[in-house]
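Close look at the chain arrangement
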Amino acid sequence: MRRARPNPAAWIVAAGAVFIVVLLLRACGRGDDYPERARSLASRSAKLGREVGGLRSDIPVLERNALFRRLDGWSTEGRRHVDEAKVIDPSDEHRLSHSYLVAALGVRADALERFRPAVSNALSDRDPQVASSQLESVIDDFRLADRSYALFIRTWAGGDRKPDASRWAGGGSEFETQGVAGLVADLRKQPRLEAIYNLKIASVTVAPKPTGTERDVDQLPFTDTLRVTVVVENEGNQPVPPSPVAAILTSEEDPKPRTIEGRLDRLNPGRRLSVTLPNLQPATGGPINLLRVIVGPVGGERNLLDNEMEYKFVTRRASGQETDRPSSTGTGTPRPSPPASVRPTATRARS
């Protein structure tokens, strides 16, 4: 029995028919999961709105850094909601309502972007008028977004359960009842929210390192030059821009100060940085040297006591140096020595 040869044209027609059926099925099913995804997104936006609206109640217990972390987190969450709304594919019956949802989420996200700098200005500016206007603009956008969200609910099609209601401003919210003036007043009267600038010298070490003490004064090996390493800590709640650091050296025999200056990089709150100042020339052979280290001050810094530290030391005579006449710079060959690994005895300078 002779077998029929396969017809390529028939295979092509069959494959095309299957492809068309798949496309039709996909088209018919497009947007089937939209109601569930939209309700979930709307619920999360409503939750975020409750957090934003509750800010006034939390102000008395918030510290400045915690406040701005919260504002940054809200801004990030608002942008995430917009990104998610843009990729949801609504069915035809939900296309209009979805456009209102995208508009509401977009306006809310934009307002949250401006909320943080407006709060920062309210806390920083001496005159609160401009910052108050900035905050009023943010809350106006919250109201505008609420109107778009209400249209999203109103135009929700079909018999599916409607998304949760969501009002960020108005309807008895704290933004509405207390007003912007009350919000600014609450922000400005909280000591925890005040911007604090405070640099502190955490330690000072010298190289060569001390080999002992005499009369409570450190004894250093003979050296022509001294290297000073200063560790500075930011104890405030604000980042500090690059700041000057100076080491000033005088001695019993020479009151003229010898100064080496350096610069500390930008320093964030709670962090430490070190800077090394080389080539200070101490008096050798017995006179007491007084090293004074100063960092900053930076603008707005109130406590200056911990910006300074003093350290007293003597250095040995060089080999062959006359004993009846001390030298201010030393005449021998310096002996290499590793830097001190512990903080030297130091006293804070009086303001």
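Calculation criteria
- Residues numbered from 1 in each chain as written.
- Predicted model: local features only at pLDDT ≥ 70, side-chain atom pairs only at ≥ 80, totals over all residues.
- Heavy atoms only, no water.
- Pairing = 2+ DSSP bridges.
- Helix = DSSP H or I, 4+ residues; strand = E, 2+ residues; numbered from the N terminus.
- Axes fitted to C-alpha atoms, helices over the stretch in contact; angles between N-to-C directions.
- 1 Å grid on protein atoms, 1.4 Å probe; cavity = no way out; pocket = protein on both sides within 12 Å on 5 of 7 lines; lining within 4 Å.
- Points joined across faces, edges and corners; volume = space filled by probe spheres on them.
- Nonpolar A, V, L, I, M, F, W, Y, C, P; charged D, E, K, R; others polar.
- Phe/Tyr/Trp six-rings, centres within 6.5 Å; stacked < 30°, edge-to-face > 60°.
- Buried < 20%, exposed > 50% of the residue type's maximum accessible area, 1.4 Å probe, protein only.
- Polar contact = N/O pair within 3.5 Å; in protein donor to acceptor, adjacent residues only side chain to side chain.
- Contact = heavy atoms within 4.5 Å.
- pLDDT = per-residue confidence, 0-100.

In this section: the sheet that holds strand β1 (residues 199–207). Backbone-to-backbone hydrogen bonds join strands into a sheet, with any given pair of strands oriented parallel or antiparallel. Here we have three strands laid out as an open sheet, ordered β1-β4-β7, and antiparallel in their pairing. Of all the strands in the sheet, the pair left with one neighbour each is β1 and β7 (272–280). Neighbour to neighbour, the strand axes of the sheet diverge by 20° on average, direction disregarded. Both β1 and strand β4 (residues 226–234) contribute to a ladder of eight bridges, which runs antiparallel. Across the sheet, the residue bridging to Val206 is Val228, located in β4.

Here we take up the layout of surface pockets. Approximately 450 Å³ is the volume found for the largest pocket. If you trace the largest pocket, you find 19 residues lining it, with Leu123, Ser124, Glu194, Ala195 and Arg302 closest to the centre. Of all elements in the fold, only α5 (95–124) and α7 (174–188) reach the threshold of two or more residues within the lining of the largest pocket. By residue class, the composition of the lining of the largest pocket is six nonpolar, seven polar and six charged.

Right, let's talk about empty space enclosed by the protein for a bit. Per the stated rule, a full pass over the model turns up one cavity of 30 Å³ or more. Considered as a void within the structure, the largest cavity measures approximately 40 Å³ in volume. Elements supplying a minimum of two residues to the lining of the largest cavity: α2 (34–53), α4 (64–87) and α5. Among the elements that line the lining of the largest cavity, the one with the most residues is α5, at three residues. Residues belonging to the lining of the largest cavity are distributed by class as follows: four nonpolar, three polar and one charged.

Bringing the packing of aromatic side chains into the picture now. Enumeration according to the criterion identifies six aromatic pairs in this entry. Measuring from ring centre to ring centre gives 6.1 Å for Phe115 and Phe142, while their planes differ by 85°; the resulting arrangement is edge-to-face. Taken as a pair, Phe115 in helix α5 and Phe142 in helix α6 (residues 129–154) lie far apart in primary sequence, 27 residues in all. The class of Phe142 is buried, set by a relative accessible area of 0%. Centre to centre, the rings of Tyr311 and Phe313 are 5.6 Å apart; their planes meet at 25°, and the pair counts as stacked. Residue class for Tyr311 comes out buried when judged on its relative accessible area of 1%. Residue Phe313 is classed as buried on the basis of its relative accessible area of 0%.

With respect to the secondary-structure elements, Ser148 resides in helix α6. By relative accessible area, which is 13% here, Ser148 ends up buried. In this structure the side chain of Ser148 is engaged in a polar contact, spanning 2.8 Å, whose partner is the backbone oxygen of Tyr100. Reaching out from Ser148, the side chain makes a polar contact with the backbone nitrogen of Ala104 at a distance of 3.5 Å. If near-sequence neighbours (up to four positions away) are discounted, Ser148 is found in contact with Tyr100, Ala103 and Ala104.

Attention now goes to the confidence of the model for the chain. Put simply, the chain has an average pLDDT of 81, and 79% of its residues get 70 or more. For residues 11–16, every residue scores under 50 in pLDDT, and the model assigns this stretch one contact once sequence neighbours within four places are set aside. For residues 18–30, every residue scores under 50 in pLDDT, and the model assigns this stretch four contacts once sequence neighbours within four places are set aside.

Once that is clear, we can look at the side chain of Asn289. In this structure, Asn289 sits in strand β8 (residues 289–295). Of the residues examined, Asn289 reaches a relative accessible area of 0% and is grouped as buried. Ignoring sequence-local partners within four residues, the contact set of Asn289 consists of Leu249, Thr250, Ser251, Pro282, Ala283, Tyr311, Lys312, Phe313 and Val314.

Bringing the pairing of strand β5 (residues 243–251) into the picture now. Judged by how many residues are buried, β5 sits mostly within the fold: seven of nine residues are covered. With seven bridges connecting them, β5 and strand β6 (residues 258–264) associate as antiparallel partners. Among the inter-strand pairings, Ala247 is bridged to a residue of β6, identified as Ile260. Between β5 and the antiparallel strand that follows it, β6, lie six residues. Here β5 runs beside β8; their pairing, made up of seven bridges, is antiparallel. What sits directly across from Leu249, in β8, is Leu291.

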